Amino acid sequence: AANYLIDCTANTFTVTLPTAASISGRTYIIKNSGVGVITLDAFGTETIDGNLTQEINSHDSITVVSNGTNWIII
């Protein structure tokens, strides 16, 4: 909850976001600095732009913001 930047530096794995409920406006930047594929997973049945997961390829990043119910990519 205290982080805003998650820098993934190696391997392929999943990062699970906290629940979007009750943290409207919370922003996270997830950066894949490594060579694997990072899967960004929403909490439970919450979504990220309508999907349960998003993939972040090597050297890409995603910025997400809670709308109080789900996560949106900005």
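Residues numbered from 1 in each chain as written. Predicted model: local features only at pLDDT ≥ 70, side-chain atom pairs only at ≥ 80, totals over all residues. Heavy atoms only, no water.

A.B. asks: What is the right way to read the sheet that holds strand 1 (residues 5-8) from this model?
C.D. replies: Backbone-to-backbone hydrogen bonds pair the strands of a sheet. The strands run either parallel or antiparallel. The four strands lie next to each other as 1-3-6-7, forming an open sheet whose pairing is mixed. Looking along the sheet, the strands with just one partner apiece sit at the ends: strand 1 and strand 7 (71-73). In this sheet, adjacent strand axes meet at a mean angle of 25 degrees when their direction is disregarded. Two elements, strand 3 (residues 27-32) and strand 6 (residues 61-66), share five bridges in a ladder whose sense is antiparallel. Paired with Ile-30 across the two strands is Ile-62, which belongs to strand 6. (Pairing = 2+ DSSP bridges. Helix = DSSP H or I, 4+ residues; strand = E, 2+ residues; numbered from the N terminus. Axes fitted to C-alpha atoms, helices over the stretch in contact; angles between N-to-C directions.)

A.B. asks: Help me out: how do you make sense of the sheet that holds strand 5 (residues 53-56) in this one?
C.D. replies: An order of 2-4-5 is seen for the three strands of this open sheet, with the pairing classed as mixed. Bordering the open sheet on either side are strand 2 (13-16) and strand 5, each of which pairs with just one other strand. Between one strand axis and the next, the sheet turns by 25 degrees as a mean value, whatever way the strands run. Two strands pair when backbone bridges link them, and strand 4 (residues 38-41) and strand 5 are joined in this way by four bridges, in the antiparallel orientation. Within the sheet, the bridge partner assigned to Ile-38 lies in strand 5 and is Ile-56.

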